[in-house]
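Working through the structure, step by step
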Amino acid sequence: MGWFVWTPMILGVVAFAWGLWRMITDGRRILYGVALVGGFGLALFCGLVIAAEQGHLIPLAIFLMLCALVPVLSYPVLAVFLLANGVTMLRKESLSLGNALSLLAGLGMVGLVLMVFVPWPDAWGTTTRLVLVSLTFLVLTLAGYVATCFAAFWATSLLSSRLTALQRPEAIIVLGAGLLDGDRVPPLLAGRLRKAREVQQRFVPPPVLIPSGGQGADETVPEGVAMGHFLVAAGSPTDLVLPETASRTTRENLQLSRRLLPSPDAPVIVVTSNYHALRAGMLTRSFGLNARVVGAPTAGYYYPSALIREFVAVMAEHRRWHLVVVGLILACYVPLLALALVTS
């Protein structure tokens, strides 16, 4: 096949190398994760095709078989997992739309299966069947697009939350969360603070910790103060803990903490929960904060719904691009449906 295989393989290697470098040095765009994972997959596939040309067919056959079987076999497993996780979330957490997202995702996956495999009544006419088949195809296409976006988001989120800065930061900003009983640090926030101390101890001299969070209506002290007390009790020197106590949102966490830095462009590490790391990183990038974001572990049962919630938020923030894609899909779908109805 010559250039027909070598050209995409070279492009895959370049995309992989560029994505890897940008993930290491920045890691705050989904494009970097897509380039890294997509480039690796493309280069691997082309390499296997080249090997097959030399008579080594088994690796390519195994690769293609996995590509076909893994999505099919994992679909029911994922659907059952999401349904079970959704029930667990509603038992352990408050009843809310955000906490029910994994359950809704599981029900959506079951619904797609029913659309495809449940037989339609014989009494329905040809036109009705044609419309329903076309509608099913449209729904599956849109679901495939959303699934592709989620896979890219998840892969980038996993990578970005595990990579740390190459240079010593001037400070480590810890994003706040709600307190328990007005002044107690909850487990999720405690995980962020422990992660921040772990990161701080990697550098010499250790950078200052900036626990960031204002006081909510049901809190007796600002979150930054309670977080600071937690850090000092855990062993952090008082002079290396500088609370920020006025912020109410993640954006304000970052912007007001930035004012405590020796320079607005000083390098920092931002610590948040792992499911929130990518969106927080995208936010730091949007207003030019020189930051890397590190994710702290989250309770296993809480992670799926929280990750879906972050994905929905990111999709909403970039809704113009996604609406363009959906518009293009509809622009292709409507004429094809009209043609099918006319010729039926």
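The model shown is predicted, which means the values in this text are computed figures rather than measured ones.

1. A few points about helix α8 (residues 250-258)
Listed as buried for α8 are Asn 253, Leu 254, Ser 257 and Arg 258. Axial view of α8: buried residues confined to an arc of 120°, hence all on one face. Buried residues in α8 make contact with β1 (171-175), β2 (208-212), β3 (268-273) and α9 (277-286).

2. With respect to the pattern of salt bridges
Two side chains bearing opposite charge may form a pair once their charged atoms approach each other closely. This structure, assessed with the given rule, holds eight salt bridges. Measuring nitrogen to oxygen at the nearest pair gives 3.9 Å for the salt bridge that ties Asp 265 to Arg 258. Residue Arg 258 is classed as buried on the basis of its relative accessible area, which comes to 18%. When the shortest N-O distance is used, the salt bridge between Glu 317 and Arg 279 registers 3.2 Å. Of this pair, Glu 317 sits in helix α10 (residues 303-317) while Arg 279 sits in helix α9, and the two are 38 residues apart along the sequence.

3. Quick look at the layout of surface pockets
What the largest pocket holds in volume is close to 1,100 Å³. Of all elements in the fold, only α3 (58-92), α4 (101-117), α5 (126-160) and α10 reach the threshold of two or more residues within the lining of the largest pocket. Top contributing element to the lining of the largest pocket by residue count: α5, with eight residues. Here the residues of the lining of the largest pocket sort into 26 nonpolar, three polar and no charged. As for the second largest pocket, its lining consists of 32 residues, of which Ile 30, Leu 31, Met 282, Val 314 and His 318 are closest to the centre.

4. Things to note about the packing of aromatic side chains
Under the definition given, this model contains seven aromatic pairs. Between Tyr 301 and Tyr 302, the ring centres sit 6.4 Å apart and the planes meet at 85°, which makes this aromatic pair edge-to-face. On the basis of relative accessible area, Tyr 301 is assigned to the partly exposed category, the value being 24%. Judged by its relative accessible area of 15%, Tyr 302 is buried. What links up through ring pairs into an aromatic cluster is the set Phe 150, Phe 153 and Phe 311.

5. Let's talk about the pairing of β1
In terms of residue burial, β1 counts as a mostly covered element, since five of its five residues are buried. Judged by which residues are buried, β1 turns out to be covered on both faces: Ala 171, Ile 173 and Leu 175 on one side and Ile 172 and Val 174 on the other are all buried. One ladder, built from five bridges, connects β1 with β2; its direction is parallel. Bridge pairing links Val 174 to Pro 211 in β2. Chirality of the crossover, the property in question, places the unit of β1, helix α6 (residues 187-200) and β2 among those that are right-handed. Bridging between β1 and β3 involves four bridges; their strand directions are parallel. Following the sheet pairing, Ile 173 is matched in β3 by Val 270.

6. Some remarks on the sheet that holds β3
Strands belonging to one sheet form pairs held by backbone hydrogen bonds; the direction of such a pair is parallel or antiparallel. An order of β2-β1-β3-β4 is seen for the four strands of this open sheet, with the pairing classed as parallel. Across the chains shown, the open sheet's two edge strands, defined by having one partner strand only, are β2 and β4 (291-296). For this sheet, the mean angle separating the axes of adjacent strands, direction not counted, is 25°. Here helix α7 (residues 223-233) sits on the sheet and contacts β1 and β2; the angle it forms with β2, its principal contact strand, is near 140°. Sitting on the sheet, α9 is in contact with β1, β3 and β4, with an inclination near 165° to β4.

7. Thoughts on the nonpolar core
For soluble globular proteins, nonpolar side chains are generally found buried alongside one another. Grouped together as the largest cluster of nonpolar side chains are 19 residues, with contacts concentrated most on Ile 172, Val 185, Leu 189, Leu 193, Ala 196, Val 199 and Ile 269. Mapped onto this core, the elements with two or more residues apiece are β1, α6, α7 and β3. When near neighbours in sequence (up to four residues on either side) are disregarded, Ile 172 contacts Ala 196, Val 199, Gln 200, Pro 207, Val 208, Leu 209, Ile 210, Ile 269 and Val 271. One finds Ile 173, Leu 261, Val 270 and Ala 291 within the second-largest nonpolar core, a separate group that totals 17 residues.

8. Some remarks on the state of the cysteines
Taken as a whole and judged by the stated rule, the model has zero disulfides. Here Cys 46 stays unpaired: no disulfide links it, and the sulfur of Cys 67, its closest cysteine neighbor, is 12 Å away. Judged by relative accessible area, which is 43%, Cys 67 ranks as partly exposed.

9. What about the environment of Leu 101?
When you line up the elements, Leu 101 lands in helix α4. Judged by relative accessible area, Leu 101 falls into the buried class, the value being 15%. For the pair Leu 101 and Ala 152, spaced 51 residues apart in sequence, the C-alpha separation works out to 19 Å. Once residues lying within four places of it in the same chain are set aside, the contact partners of Leu 101 are Ser 305, Ile 308 and Arg 309.

10. A short note on empty space enclosed by the protein
Using the criterion set out here, one finds one cavity of 30 Å³ or more in the structure. The calculated volume of the largest cavity comes to roughly 40 Å³. Those elements giving two or more residues to the lining of the largest cavity turn out to be α9 and β4. Of the residues forming the lining of the largest cavity, the biggest block, three residues, is contributed by α9. For the lining of the largest cavity, the class distribution of residues is three nonpolar, three polar and three charged.

About the cut-offs
- Residues numbered from 1 in each chain as written.
- Predicted model: local features only at pLDDT ≥ 70, side-chain atom pairs only at ≥ 80, totals over all residues.
- Heavy atoms only, no water.
- Buried < 20%, exposed > 50% of the residue type's maximum accessible area, 1.4 Å probe, protein only.
- Helix = DSSP H or I, 4+ residues; strand = E, 2+ residues; numbered from the N terminus.
- Arc of directions from axis to C-beta.
- Contact = heavy atoms within 4.5 Å.
- Salt bridge = Lys/Arg side-chain N within 4 Å of Asp/Glu carboxyl O.
- 1 Å grid on protein atoms, 1.4 Å probe; cavity = no way out; pocket = protein on both sides within 12 Å on 5 of 7 lines; lining within 4 Å.
- Points joined across faces, edges and corners; volume = space filled by probe spheres on them.
- Nonpolar A, V, L, I, M, F, W, Y, C, P; charged D, E, K, R; others polar.
- Phe/Tyr/Trp six-rings, centres within 6.5 Å; stacked < 30°, edge-to-face > 60°.
- Pairing = 2+ DSSP bridges.
- Right-handed = clockwise from strand over helix to strand, strands pointing away.
- Axes fitted to C-alpha atoms, helices over the stretch in contact; angles between N-to-C directions.
- Core = buried A, V, L, I, M, F, W, Y, C linked by side-chain atoms within 4.5 Å.
- Disulfide = S-S within 2.5 Å.

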